[in-house]
Amino acid sequence: MEAWRCVRRGYGRCAVGRGRYPMLTHHQRSLGRDWTTPWENLQSCCWNRHISSCMRWPGHYSRAPYPYFSSRHFSLNWRPPCLFESRTQFQYWNWRPDNLSQTSLCHLSSYIMNTEGDEPSSKRRKHQGTIERHWEYICNHNKEKTKILGDKNVDSKCEDSENKFDFSVMSYNILSQNLLEDNSHLYRHCRRPVLHWSFRFPNILKEIKHFDADVLCLQEVQEDHYGTEIRPSLESLGYHCEYKIRTGRKPDGCAICFKHSKFSLLSVNPVEFYRPDVPLLDRDNVGLVLLLQPKTASGASPAICVANTHLLYNPRRGDIKLTQLAMLLAEIANVAHQKDGSFCPIVMCGDFNSVPGSPLYSFIKEGKLNYEGLAIGKVSGQEQSSRGQRILSIPIWPPNLGISQNCVYEVQQVPKVEKTDSDLTQTELDKTEVLVTAEKLSSNLQHHFSLSSVYSHYFPDTGIPEVTTCHSRSAITVDYIFYSAEKEDIAGQPGTEVAVAGGLKLLARLSLLTEQDLWTVNGLPNENNSSDHLPLLAKFRLEL
């Protein structure tokens, strides 16, 4: 027992029972861990130095059942001639598991390294510092002619003009404290103090103050924190706040906050994706849609529709994600629709839990999606395994949802009482049945907005992906700011006619980062960035 207590504390006990010493030297404890070693060799080495048959991991976790060796000192091609102070040589570098029994194996965690010299995917770097993000100024929102300039070289086309309204929008998943604690395995790379809400909220508020956006679209806003800290703090900065909590017992939701000095509130429209009468929609995600009136000197300007949402995470339930998106688009169409039949400018923000290029993302940008034969697990592009390969049903959602395949609310028409059912001929009944069947079997989704993404999602020089979220499990893009923009070829596409009053122009965006950039500051959250998501920020111009 005494020997066991010693090794649990990371010490060996001498043969005579007087005094203790570390099992391994500091250099040996810092050797690489991307390998597997037989327990017999470790045991032999330990007993040769009067050490018990267990070792303690002296790394981040104090109670791991095996020793920790950092991989930062060697490449994949490195071969140690001898690991310990023993004549026993390391002979089994390329062991296979079938050559060893489970009881005779001491497995040291393996972490992928793509090429020699790359950072390990274990993401256990302990560097501290601040990440550098800069403004990218974009003066022509035509994709082929977009010009991105440095902060000091702003094109003359970006200069202020009289008949315009400029405003900025931030989309930020601030990481609910409740969700952080429920998913603590995602934040094993973090020091515990940086995960406390008392540490995180001042950092988040500091970011919001620094960027000073006119409109804030926040996700994962915990209800109790919103009432006691978030809302009072933002109101003191000149914001008006609207909030929609998730349904059920979920303690967080979405908020849209805007500056009194820039906008007047015309309407508030919450969207609940949970529908007790639709078995498919049994999740508690929500959206929030506001109609804002810009405050301009002339007093004449179109309203702006701002939407915020956080779609379902589950990568294997693309059917739910698409249906939730359709419900949000239907509400936007209802709010943004104007008397002349056009739509006012739209900004749609949120955590869509879908990656760039996925069918869901493409549907938002292109306005159409033929989902026939599409696997449910492929909708969001997150699912890499063979799970979730069930094919989407046609149609995805039932008719009683009240949303058409064009993502608008269906108008319940009252049938004319000119003929009773008994008056219909059999031919007429057959025609009616055929029409209903054809409509139900349509696999084409459409929406009537012309939406573009603020970000391009890849760095043009290298092709390396931008990321918006980063934690112990992954680093990908799931957060977006979409906005209504005029597209030259959109009118020529059948079924996607778009009428936009005063399309928005993207003036600038706050640059995103690569995964490697984020791990130089130990990923997210860290000492200076207190969410596992980056804030997205864009500057727009509305021509009056």
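Right above here is the structure, for reference.
Residues numbered from 1 in each chain as written. Predicted model: local features only at pLDDT ≥ 70, side-chain atom pairs only at ≥ 80, totals over all residues. Heavy atoms only, no water.

## Considerations on the side chain of E527
As for its position among the elements, E527 is in the loop between α10 (515-519) and β22 (536-543). The class of E527 is buried, set by a relative accessible area of 18%. (Helix = DSSP H or I, 4+ residues; strand = E, 2+ residues; numbered from the N terminus. Buried < 20%, exposed > 50% of the residue type's maximum accessible area, 1.4 Å probe, protein only.)

## A few points about the nonpolar core
Core analysis: the biggest nonpolar cluster contains 64 residues, and F167, V215, L216, L234 and F540 have the highest contact counts within it. Examining the composition of this core, we find that 6 residues originate from one element, helix α5 (residues 197-211), more than from any other. Apart from residues lying up to four places away in sequence, L216 is in contact with M170, I208, L234, Y239, A255, I256 and C257. L280, L322, A333 and L451 belong to the second largest nonpolar core, which has 49 residues in total. (Core = buried A, V, L, I, M, F, W, Y, C linked by side-chain atoms within 4.5 Å. Contact = heavy atoms within 4.5 Å.)

## Brief notes about the side chain of T477
Within the secondary structure layout, T477 lies in the loop between β19 (475-476) and β20 (479-484). Separated by 2.7 Å, the side chain of T477 and the backbone oxygen of E466 make a polar contact. Setting aside its immediate chain neighbours within four residues, T477 contacts S354, V355, P356, H457, E466, V467 and T468. (Polar contact = N/O pair within 3.5 Å; in protein donor to acceptor, adjacent residues only side chain to side chain.)

## Observations regarding unusual backbone geometry
The amide bond that connects I394 to the next residue, P395, takes the cis arrangement and shows omega of -5°. Cis geometry is found at the peptide bond from L524 to P525, where omega equals -10°. On the secondary structure map, P525 appears in the loop between α10 and β22. Although it is not a glycine, D212 adopts a positive phi angle of roughly 55°. Position of D212 among the secondary structure elements: in the loop between α5 and β8 (215-222).

## Overview of the packing of aromatic side chains
Scanning the entire structure with this criterion turns up 13 aromatic pairs. Relative to F449, the ring of F343 has its centre 5.0 Å away and its plane inclined at 70°; by these criteria the two rings are edge-to-face. With F343 in the loop between α7 (318-336) and β14 (346-351) and F449 in the loop between β16 (444-446) and β17 (451-453), this pair connects stretches of sequence that are 106 residues apart. Measuring from centroid to centroid gives 6.0 Å for Y361 and F482, while their planes differ by 50°, and the two rings are tilted. Of the two residues, Y361 is situated in helix α8 (residues 359-366) and F482 in strand β20; the sequence distance between them amounts to 121 residues. For Y361, a relative accessible area of 8% puts it in the buried group. Feature note: the residues F165, F167, F263, Y483 and F540 constitute an aromatic cluster, connected by ring pairs. The residue whose ring lies beneath K262 is F165, and the NZ or CZ to ring-centre distance is 4.8 Å. Over the ring of W135 we find K539, and its NZ or CZ is 4.2 Å from the ring centre. (Phe/Tyr/Trp six-rings, centres within 6.5 Å; stacked < 30°, edge-to-face > 60°. Lys NZ or Arg CZ within 6 Å of the ring centre and 35° of its normal.)

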